[in-house]
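# Descriptive structure summary
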Amino acid sequence: MPDTAPSNLSVVEREVESRSASLKKELGLRDLVLTQIVFVFGTVWVGFAATLGRSQMAFWLIAIATFYLPLAAVVIYLNRLAPLEGGLYQWAKVGFGDFIAFLVAWNFWIFGILVMSGISLIIKKNIAYAIGPSANRMHENKRWTILVCLLLITAIVAASRRGLALGKWVQNFGGAMLIITVATLILMPLITASHGSLANYHPFSLSMPEINSHNVNVCSKLAVGALSGFEYIAILAGECRAPAKNISRSVWISAPIIALMFILGTASVLAFVTPDKVDLIAPIPQVLSLGFGSSGWVSTLISLTIFGVAARQIALMSIYFTANTRLPMVAGWDHLLPAWFTRLHSKYKTPVNSVLFVGAVTLALGLASLIDTGTQEAFQLLDNAGGVFYASTYMVLFAIPLFGMKGFGVRAPWWLKIACVSGFLVSLLYIGFTIIPIIEVKSRFSFAMKIIVPVITANAIGVLLFWIGRRRTQEPVA
């Protein structure tokens, strides 16, 4: 029987390109580079890395070698083969069929919802640090968190309805502010050297890493949590100009910049804060407020810089939100979700129903996470639970070059397969560590159950939704 694999990709390409033809092509190379930096460089991760002390650079390099570089390689490779709206959803569909693709999109979607639910906690912390000591009561005040969450979701829904014509400027502004903020953080030990800050500043220390459960746990988070996200932009391929070329180029340009920002930023945090005193939700604002808190007019400037961190978080949420509204849309194109999700705004060509649905779910989960938990624990729960969903999608991503290339009609090169084995194993390791908190919590068993039960339940719901979608179209399950 002749090999019909090439037609699989051809059919998917033809269908997706015809569907996405009406979408506006708003994103160019500059937009994509800034979006990659905003998306991948999570400000919280320099805090996680700082808990490793002077071994931080060694663990960053381990995470870069075992996960970051393999991820960049597989995204560039698959995007050049299939630069399609939906990104990993489409790649999984070509490689493994509709069922796996739907579960990938489902886990991707829930991950985005959980991350967005936690962003309001980060923004509230940033605002509190920017205001100064007079706002100390805001740090653990749930009423302030609820207010910030309501205002943020309302604004993001309104902006997303307008589409990337507006959203890309929010993201670009956030990217520019992030670069300025991180540059300030990196230079801060040198600026404040007269106060003795350089005594604890070791930006390129390669101390032999101590291998223990905490350090391996954090290292897995640096890999799958911090050094991840290149594939997310590919979800918007149908709204990019020259996506096959520009998405790949954006990865090449942004990858080394992001790596240096992480390593040097973590060193600056450790110059001012001991590993056990790091604020895991808002480490950069914490350090900026400590470094310049009593420097007269400079403290005002730093307050504005901390607000810049909040601007980055808003831009990040805009990216997550945009991608999360597209996943139900592309699943609707395949009749796996109701056509209601595919309805586009007559003027802006955005999936308006999907925008409203994602906004409502994000708000509900953000408020639910605060029930019977402190702010730090709530953030850890959202982050760890979201990480399980995300790492699950990465296991599929890295499995495509290993087992799913028949659908693309090509063979993956040997070096890519080796990289994918590394990325797959790191993703699996990360999942194993998610039920172990790196902070003190009320109950470790309760913490673990709050992650395990929702993950299992959510995927069971995903299987049910796929089955209902297939029944709706009277097609057998793949």
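Conventions we followed
- Per chain, residue numbering runs from 1 following the sequence as it is written.
- Local features in this predicted model are restricted to residues of pLDDT 70 or higher, and side-chain atom pairs are both shown and tallied only at a pLDDT of 80 or more, whereas totals for entire chains, interfaces and linings draw on every residue.
- Excluding hydrogens and water, the side-chain figures rest on all heavy atoms present in the structure.
- We count a stretch as a helix when DSSP gives it H or I for four or more residues in a row; a strand needs E for two or more, and each element gets its number in order from the N terminus.
- Contacts were defined at the residue level, with two residues in contact if any of their heavy atoms lie within 4.5 Å.
- Here, a salt bridge means any Lys or Arg side-chain nitrogen found within 4 Å of an Asp or Glu carboxyl oxygen.
- Exposed residues in this analysis have more than 50% of their type's maximum accessible area, buried residues have under 20%, and partly exposed residues fall in between, with area computed by a 1.4 Å probe over protein chains only.
- Put simply, a nonpolar core is a bunch of buried Ala, Val, Leu, Ile, Met, Phe, Trp, Tyr and Cys residues held in one set by side-chain atoms that sit within 4.5 Å of each other.
- As a per-residue measure, pLDDT tells how confident the predictor is, with possible values from 0 to 100.
- Lines fitted to C-alpha atoms define the axes here, with helix axes fitted over just the stretch in contact, and angles between the N-to-C directions of these axes take values from 0 to 180 degrees.
- We call two directions roughly parallel when the angle between them is under 35 degrees, roughly antiparallel when it is over 145, roughly perpendicular when it lies between 65 and 115, and oblique otherwise.
- For any pair of crossing helices, the crossing counts as left-handed if the nearer helix is rotated counterclockwise from the farther one by less than a right angle, and right-handed if it is rotated clockwise.
- Three classes are used, and their members are as follows: Ala, Val, Leu, Ile, Met, Phe, Trp, Tyr, Cys and Pro are nonpolar, Asp, Glu, Lys and Arg are charged, and the others, Gly among them, are polar.

### Some words on the side chain of Thr 322
Along the polypeptide, Thr 322 turns up in helix H12 (residues 297–333). Residues contacting Thr 322, with those up to four places away along its chain left out, are Leu 164, Gln 171 and Leu 236.

### Considerations on the pattern of salt bridges
When their charged atoms lie close together, side chains carrying opposite charge are able to pair. Counted under the stated rule, the structure contains 4 salt bridges. For Arg 470, the salt bridge is made with Asp 98, and the minimal N-O distance between the two is 2.4 Å. With Arg 470 in helix H16 (residues 444–473) and Asp 98 in helix H6 (residues 98–131), this residue pair connects regions lying 372 residues apart in the sequence. The class of Arg 470 is buried, set by a relative accessible area of 5%.

### Structural notes on the nonpolar core
Ranked by internal contacts, the top residues of the largest apolar core, which has 139 residues, are Trp 91 and Phe 230. The residues contacting Trp 91, other than those within four sequence positions of it, are Val 75, Leu 78, Asn 79, Ala 82, Ala 234, Leu 397, Ile 400 and Phe 408.

### Let's talk about the confidence of the model for the protein
Per-residue confidence for the protein gives a mean pLDDT of 80, with 83% of residues at or over 70. The element-level mean pLDDT for the protein is lowest in helix H1 (residues 5–20), coming to 69, with helix H15 (residues 414–433) highest at 93. Here residues 1–7 is a poorly scored stretch, pLDDT under 50, and it has 5 contacts once near neighbours within four places are set aside; other chains count.

### Considerations on the packing of helix H8 (residues 164–191) against helix H10 (residues 243–272)
Where H8 contacts H10, the two axes come as close as 8 Å, and the packing angle between them is 50°. What the angle tells us is that H8 and H10 run oblique. Of the two possible hands of crossing, H8 and H10 adopt the one that is left-handed. Here H8 contributes Leu 178, Val 182, Leu 185, Ile 186, Met 188 and Pro 189 to the contact with H10, which in turn contributes Met 261, Leu 264, Gly 265, Ser 268, Ala 271 and Phe 272. Counted by class, the contact of H8 with H10 contains 10 nonpolar, 2 polar and no charged residues.

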